[in-house]
Amino acid sequence: MVKVEGTLEELRELFVEGAKKEAKKVAKKAGAEVVKSGVKRAKSAWQKYMANKKKQIKFKSGKRKGRLDLKKMGAAFRREQRKMKR
């Protein structure tokens, strides 16, 4: 048996807070192991479309110059999907 001396605050810090921190550490490690072992999901058709440099439509002028024009890209993507279904 071990004798522990100290004020109530010191004992609470030692046992309660220490146990919380330890539990948190164990849970975090277990979560990391679960994530590592998971299988990656397949990319959706939209994600594949976005990754294709050839299909990226960019703003040519204005304050958004150089950024992707997602509105036009979305319309083009939907057009392409409709064409493929036929």
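Structure's up top.
Given the structure is predicted, the values throughout are model-derived calculations rather than measurements.

Asker: It is not clear to me how the overall build of the chain should be interpreted in this structure. Could you clarify?
Answerer: The secondary structure content of the chain amounts to three helices and zero strands. Secondary structure elements of the chain occur, N-terminal to C-terminal, as α-α-α. Computed over the C-alpha atoms, the radius of gyration of the chain is 28 Å, more than 25% above the 12 Å expected from 2.2 N^0.38 for a compact globule of 86 residues. Taking all 86 residues of the chain together, the buried fraction comes to 7%. Within the chain, contacts between residues separated by at least 24 positions form 27% of all contacts whose residues are at least 6 apart in sequence.

Asker: I keep staring at a nonpolar patch on the surface and nothing clicks. Help me out?
Answerer: A surface patch of nonpolar side chains, amounting to about 490 Å² of accessible area, comprises Val2, Val4, Leu14, Phe15 and Val16. Along the chain, valine 4 turns up in the segment before helix 1 (8–37). On the basis of relative accessibility, which here comes to 40%, the residue valine 4 falls in the partly exposed class.

Asker: In this structure, what is going on with the side chain of aspartate 69? I would like to understand it.
Answerer: Mapping aspartate 69 onto the fold places it in the loop between helix 2 (45–51) and helix 3 (70–85). No salt bridge is formed by the buried aspartate 69; its nearest oppositely charged neighbour, lysine 72, is found at 4.1 Å. Excluding its chain neighbours within four sequence positions, the residues that come into contact with aspartate 69 are Ile57, Lys58 and Phe59.

Asker: Help me understand a positive patch on the surface in this model?
Answerer: On the surface, a cluster of positive charge is made up of Arg78, Arg79, Arg82, Lys83 and Arg86. The residue arginine 78 is located in helix 3 in this model.

Quick notes on the rules
Residues numbered from 1 in each chain as written. Predicted model: local features only at pLDDT ≥ 70, side-chain atom pairs only at ≥ 80, totals over all residues. Heavy atoms only, no water. Helix = DSSP H or I, 4+ residues; strand = E, 2+ residues; numbered from the N terminus. Rg over C-alpha atoms; globule rule 2.2 N^0.38 Å. Buried < 20%, exposed > 50% of the residue type's maximum accessible area, 1.4 Å probe, protein only. Contact = heavy atoms within 4.5 Å. Patch = residues over 30% accessible without salt bridge, like charges linked within 9 Å, V, L, I, M, F, W, Y side chains within 5 Å. Areas by Shrake-Rupley, 256 points an atom, 1.4 Å probe, with all protein chains shown as cover. Salt bridge = Lys/Arg side-chain N within 4 Å of Asp/Glu carboxyl O. Lys, Arg positive; Asp, Glu negative; His and termini not counted. Charge placed at Lys NZ, Arg CZ, Asp CG, Glu CD.

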